[in-house]
Number of protein chains: 2
Amino acid sequence: MSRTEEEVLDAIEKRRRRPHVKLMDKHITLAHGAGGRSSHTLIEMVFLKELGNPVLDGLGDAAVLQAPAGSRLAFTTDASVVKPRFFPGGDIGELAVNGTVNDLAMAGARPLWLTASFILEEGLDTDELIRVAQSMGAAARRAGVTVVAGDTKVVERGMADGLYITTAGVGVIDHDTNLSAASVRPGDRVIVSGSIGDHGMAIMVARGDLELETDLRSDTAPIHDLAAALLSATDEVRWLRDPTRGGVATVLAELALACELGVVLDEAALPIKDEVNGACEILGIDPLYVANEGKLVAIVGADGANSALAALRAHPLGADAAIVGEVRADPPGMVLLETAFGGSRVVDMLAGDPLPRIC
Amino acid sequence: MSRTEEEVLDAIEKRRRRPHVKLMDKHITLAHGAGGRSSHTLIEMVFLKELGNPVLDGLGDAAVLQAPAGSRLAFTTDASVVKPRFFPGGDIGELAVNGTVNDLAMAGARPLWLTASFILEEGLDTDELIRVAQSMGAAARRAGVTVVAGDTKVVERGMADGLYITTAGVGVIDHDTNLSAASVRPGDRVIVSGSIGDHGMAIMVARGDLELETDLRSDTAPIHDLAAALLSATDEVRWLRDPTRGGVATVLAELALACELGVVLDEAALPIKDEVNGACEILGIDPLYVANEGKLVAIVGADGANSALAALRAHPLGADAAIVGEVRADPPGMVLLETAFGGSRVVDMLAGDPLPRIC
């Protein structure tokens, strides 16, 4: 802490070139969570090596940051307990970073800083923790955020499932658009930024519960840039949400309740991959309830809907964006799905948990 | 979200008067973590009831907050896995709030906002969760912070130990004092704000490992106000830290390494309660390594030391504050304890973990 920024960056660089294994135990022990010498080694050799930056390097009780003058901030948190920890398209570390980045993006914020808190199970393979930390570092660099503070606790064998990660994030809101359910009006359009249900079904396939061979991959991705493109394209964006647990159905059911309006979806317009539909049929689950980790749902005024759609489609993460429904005065507080056969049914919030530990 | 602030506050008030039990299951199920209807009920009936405020009530993906103009922010996180969850003097909920409040305070910040993320084990008694949430609410009110965002995950039976809580916090730094190891100079004094080791020993006694009858209570408390009093009393404060896991010894060992100076402690000056000394003797643990949850260690320039001590002692949480040592040029990077018998020994960082899951 007596060092110049240059010296700090130099130390980070040296740390990156240093192999992990030399100083680290092969497995996590309770001592790694005790706050003493072993904790120090773990922090130095894993977390600072992979996530290091001049702020985190200070290792103070809290990070000290310069707030952008007079701006609104977004602040959020997300725990990741996904099983399995590594799955096609991502892992728990990437999910932990992207989940919080995306929550900030849905408040219309530019994500800036994250904290990361680890609960490790005694006996966890250190190499696995290193892989997770590397993946968090890569995800943070991709999303343009820095991890500025962290915490590590270790619990006894059998008191966790390998590792759980809780991230929190702070972002800055640069624009004046007021995103809220209160801004939603009848006639507004419902837009989703791409195919739905990919993450949840990739996890179910990775668990082997389906005995299914597919190429399904999680859609985990940071969507702050996609959200920023949308917000730049039109000032008609009313409300944004990333449809994680509970899927598109649940976030829209919550919206309908909050704004006391109806949301009517057009089943034929919903972008769903064949593999997702297939896996959902086997499990008897509606893809509308399946978690996404790189998608957004937007409510946009009718006049801005085409510009919004064009902006989303111009972005690599929004190529399959679609207008999938609209807001109506009736039925208030409810979501209806109009089926391809001309019928309609009520889409309620998810009941029970068909897909535990999906994120 | 279409409501006025008055309506929101009214809704919070109504919720407080509503009994929990009517709508809640007696035990936590996986469905409470699925993001659907059960999650909603849990959030409404427990978290919003106990922690509710106009920001949290919005239930957006992230809280939107007004940053104080041009100020520096502090940002930190802390996971709480303490066992047992309820102990003399506090519980896991109070610890989760105070831990993060205190980390912010040690950066010289005024704590403003917290997030709270829960990992619940399937089968957890809902009444117990309610008690924890109530305790968090009381601790937040005492510390003057609001919980502005949260997350809840549920893992299967046997994959956690009841509940783990991770809080993150943001505070604002109103003054210009630069607290860092780099500011520490030979001749500076080491001050502790009160008796050491109370929390760790209270937990050990509560576990029943000691078969000891004592009145020992955890010292868990929010010390932001105590830190603010100290910072107002003198501009000679160089460095602050709350000596949690690893105790006073470990934070000073870290300081000595960071500033490449020596720290010399006077054993006779250390404020330690008789019951703590007694319990430590039975366990063969040095109280210098035992966790505190309502204390601070300050390095203060010699000219400000008496004012600092007076300011701490004038505060209810600092009545037993004491000057316990000083910083010297030698031995660089090391902590020495001068014993009552005229000898001295090196105080290293904690090795191993004699007291797992202390916080």
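In this report, we go over the structure that sits alongside the text. (Residues numbered from 1 in each chain as written. Chains lettered and ligands numbered in written order. Predicted model: local features only at pLDDT ≥ 70, side-chain atom pairs only at ≥ 80, totals over all residues. Heavy atoms only, no water.)

## Observations concerning the sheet that holds strand E7 (residues 163-173) of chain B
Rules: At least two DSSP bridges between two strands are required for those strands to pair. Helix and strand labels come from DSSP, where a helix needs a run of H or I of at least four residues and a strand needs a run of E of at least two; each type is numbered from the N terminus. Where helices are involved, their axes are fitted lines through C-alpha atoms of the stretch in contact, as for all axes, and angles between N-to-C directions lie from 0 to 180°. The contact definition used throughout considers only heavy atoms, calling two residues in contact when any of these lie within 4.5 Å.
With mixed pairing, five strands are arranged side by side in an open sheet as E1(A)-E2(B)-E7(B)-E5(B)-E6(B). Looking at strand neighbours, the two that pair on one side only are strand E1 (63-66) of chain A together with strand E6 (146-155) of chain B, the edges of this open sheet. In this sheet, neighbouring strand axes are inclined to one another by 20° on average, regardless of whether the strands run parallel or antiparallel. Taken together, the nine bridges between strand E2 (residues 72-80) of chain B and E7 of chain B define a ladder with antiparallel strand orientation. Paired with Leu73 of chain B across the bridge in E7 of chain B is Val172 of chain B. Sheet strands touched by helix H5 (residues 126-143) of chain B: strand E5 (110-121) and E7 of chain B. Its angle to E7 of chain B, the strand with the most contacts, is close to 15°.

## Things to note about the packing of helix H6 (residues 198-206) of chain A against helix H9 (residues 274-283) of chain A
Residues and elements named next belong to chain A. Put simply, the rule reads: Here the angle decides the label: under 35 degrees means roughly parallel, over 145 means roughly antiparallel, 65 to 115 means roughly perpendicular, and every other value means oblique. Crossings are classed by handedness, with left-handed meaning an anticlockwise turn of the near helix from the far one by less than a right angle and right-handed meaning a clockwise turn. Gly counts as polar in this scheme, as do all residues outside two lists: the nonpolar Ala, Val, Leu, Ile, Met, Phe, Trp, Tyr, Cys and Pro, and the charged Asp, Glu, Lys and Arg.
Two numbers describe how H6 lies on H9: the axes approach to 10 Å, and their chain directions differ by 60°. One way to sum up the angle between H6 and H9 is to call them oblique. As for how H6 packs across H9, the hand of that crossing is left-handed. Contact residues: H6 offers Asp198, Met201 and Met204, while H9 offers Val276, Ala279, Cys280 and Leu283. A class-by-class count of the residues in the contact of H6 with H9 yields six nonpolar, no polar and one charged.

## What to know about the sheet that holds strand E9 (residues 237-241) of chain A
Strand pairing within a sheet occurs via backbone hydrogen bonds; the two strands may be parallel or antiparallel. Residue and element names in this part refer to chain A. Reading across from one edge, E9-E11-E8-E12-E10-E13-E14 is the order of the seven strands in this open sheet, with mixed pairing throughout. Looking at strand neighbours, the two that pair on one side only are E9 and strand E14 (344-347), the edges of this open sheet. On average, each strand axis in the sheet is tilted by 25° relative to the strand beside it, whichever way the strands run. Bridge count for strand E10 (residues 262-266) against strand E13 (residues 335-338) is four bridges, and the pairing is parallel.

## Looking at the relation of the copies chain B and chain A
A rotation about an axis combined with a shift along that same axis relates the two copies of the chain. So the rule is basically this: Only residues with pLDDT of at least 70 in both copies count here: their C-alpha atoms drive the least-squares fit that superposes the copies.
Superposition record for chain B on chain A: RMSD 0.0 Å, screw rotation 180°, translation along axis 0.0 Å. When the rotation and shift are considered jointly, the pair of chain copies conforms to a two-fold rotation axis. Relative to the rotation axis, the closest C-alpha in chain B is found at Ala160 of chain B, a distance of 2.2 Å. Same-surface contact between copies: 100% of interface residues of chain B are shared with the interface of chain A.

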